[in-house]
Amino acid sequence: MRKNLLLILLLSLSFSAFSQYKIGFQFSPILSSNRIDFTSDVYDLETDGTGLKIATGPFVDIQLTDNYYFNVGVFYASKRVGIEQRDKVNTGTPPTKEEYNLQYVQVPVSMKLYTNEVSLDKRIYFQFGAALEFNVEEKLKDNIIVEDFRLFDTSLLAGLGMEYQIGTSTMVFGGISYHRGLVNIISESVDGLGGDLAMKNDYIALDLGIKF
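Residues numbered from 1 in each chain as written. Predicted model: local features only at pLDDT ≥ 70, side-chain atom pairs only at ≥ 80, totals over all residues. Heavy atoms only, no water.

Asker: I'd like a rundown of empty space enclosed by the protein, residues and numbers included.
Answerer: Taken as a whole and judged by the stated rule, the model has one cavity of 30 Å³ or more. Along the wall of the largest cavity there are 18 residues; nearest its centre are Gln 26, Phe 75, Gln 127, His 179 and Asp 207. Listing elements by their share of the lining of the largest cavity, those giving two or more residues are strand E1 (21-37), strand E6 (96-114), strand E7 (122-140), strand E10 (171-181) and strand E12 (198-211). At four residues, E6 tops the list of elements feeding residues into the lining of the largest cavity. Looking at side-chain class alone, the lining of the largest cavity contains eight nonpolar, eight polar and two charged residues. (1 Å grid on protein atoms, 1.4 Å probe; cavity = no way out; pocket = protein on both sides within 12 Å on 5 of 7 lines; lining within 4 Å. Points joined across faces, edges and corners; volume = space filled by probe spheres on them. Helix = DSSP H or I, 4+ residues; strand = E, 2+ residues; numbered from the N terminus. Nonpolar A, V, L, I, M, F, W, Y, C, P; charged D, E, K, R; others polar.)

Asker: Please set out the environment of Tyr 43 residue by residue, giving values where relevant.
Answerer: Position of Tyr 43 relative to the elements: it lies in strand E2 (residues 43-47). Sequence separation between Tyr 43 and Leu 193 is 150 residues, and the spatial gap between their C-alpha atoms is 6.4 Å. Setting aside its immediate chain neighbours within four residues, Tyr 43 contacts Phe 38, Gln 85, Arg 86, Asp 87, Lys 88, Gly 192 and Leu 193. (Contact = heavy atoms within 4.5 Å.)

Asker: Please provide a residue-by-residue account of a negative patch on the surface, values included.
Answerer: A cluster of acidic residues, Glu 147, Asp 148, Glu 188 and Asp 191, forms a negative patch on the protein surface. Turning to its location among the elements, Glu 147 is positioned in strand E8 (residues 146-149). (Patch = residues over 30% accessible without salt bridge, like charges linked within 9 Å, V, L, I, M, F, W, Y side chains within 5 Å. Areas by Shrake-Rupley, 256 points an atom, 1.4 Å probe, with all protein chains shown as cover. Salt bridge = Lys/Arg side-chain N within 4 Å of Asp/Glu carboxyl O. Lys, Arg positive; Asp, Glu negative; His and termini not counted. Charge placed at Lys NZ, Arg CZ, Asp CG, Glu CD.)

Asker: Report on the nonpolar core, specifying residues and quantitative values.
Answerer: Counting residues in each nonpolar core, the largest one holds 15 residues, and the members touching the most others are Ile 83, Tyr 100, Ile 145, Val 146, Ile 185 and Leu 197. Mapped onto this core, the elements with two or more residues apiece are strand E5 (75-87), E6 and E8. Per-element tally for this core: the top contributor is E6, with three residues. With six residues, the next largest nonpolar core counts Phe 59, Phe 75, Tyr 114 and Phe 173 among its residues. (Core = buried A, V, L, I, M, F, W, Y, C linked by side-chain atoms within 4.5 Å. Buried < 20%, exposed > 50% of the residue type's maximum accessible area, 1.4 Å probe, protein only.)

Asker: Go over the pattern of salt bridges with me, naming the residues and quoting the values.
Answerer: Applying the stated criterion to the full structure yields 13 salt bridges. Close ionic contact of Lys 97 with Asp 48 constitutes a salt bridge, the shortest N to O distance being 3.9 Å. With Lys 97 in strand E6 and Asp 48 in the loop between E2 and strand E3 (51-63), the pair connects residues that are 49 residues apart, well separated along the chain. Linking Arg 180 and Asp 202 is a salt bridge whose minimum nitrogen-to-oxygen distance equals 4.0 Å. Taken together, the residues Arg 180 in strand E10 and Asp 202 in strand E12 connect sequence positions 22 residues apart.

Asker: Lay out the pairing of E5 in plain terms, naming residues and giving numbers.
Answerer: Counting buried residues in E5 gives 11 out of 13 residues, a clear majority hidden from the surface. Across five bridges, the pairing between E2 and E5 is antiparallel. Paired with Tyr 43 across the bridge in E5 is Asp 87. Judged from the two bridges that link them, E3 and E5 form a sheet pairing that is antiparallel. Directly across from Thr 56, in E5, lies its bridge partner Tyr 76. In this structure, E5 lies alongside E6, joined through 11 bridges in antiparallel fashion. Bridging from a neighbouring strand, Val 81 pairs with Tyr 100 of E6. (Pairing = 2+ DSSP bridges.)

Asker: Which residues make up the packing of aromatic side chains, and what values go with them?
Answerer: How two aromatic rings sit relative to each other is set out by the distance from centre to centre and by the angle between their planes. Scanning the model with the defined rule gives six aromatic pairs in all. Relative to Phe 173, the ring of Phe 59 lies with its centre 5.8 Å away and its plane at 75°, an arrangement referred to as edge-to-face. A residue pair is termed long-range when its members are at least 10 positions apart, and Phe 59 in strand E3 and Phe 173 in strand E10 qualify at 114 residues. For Phe 173, a relative accessible area of 8% translates into the label buried. On the numbers, 6.4 Å between centres and 80° between planes, the contact of Tyr 125 with Phe 173 is edge-to-face. With Tyr 125 in strand E7 and Phe 173 in strand E10, this pair connects stretches of sequence that are 48 residues apart. (Phe/Tyr/Trp six-rings, centres within 6.5 Å; stacked < 30°, edge-to-face > 60°.)

Here it is in structure tokens:
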């Protein structure tokens, strides 16, 4: 009997804790880039700049305490991969550039740590977590170097921002976050490069959103 009462109490506390939540929508312009790990006597491969893309979608903030929230979302994220290839053997050959546009369904999971009010209705937050990403589409302008990309990617995220309450239950927020890829996104590259090619995606995001 005591075990049953304890179980009911724990379930009630859990339901009470997770019933305090906010649903929101986030829109993030991002600067997408990639890191390349490649060594060869034939070619030199380098990252070719950054691209302006977006990440957007709904999320839920689940209140654990007054200042700690568990955050989970489902985002659509567009990323850019740029490669510059130089021939080490025929040094007079001009470099070639390739660009790949990758589309992901992203599931970020993180903790948000809020300060107390820094001024009227304003709080600063810090965010730490990770995201599991599923490659749903590849838009390739060329595919000379990379023949196929992996289905899955994983990244760490860290961010900070400010939340402003504009109504009884409505908040808007703005912040910045850094997302660092952990997985080699290439599953197959072209033969003849003279080495193994590994590449990871990173991006910096301007996070804008509303929750209610």
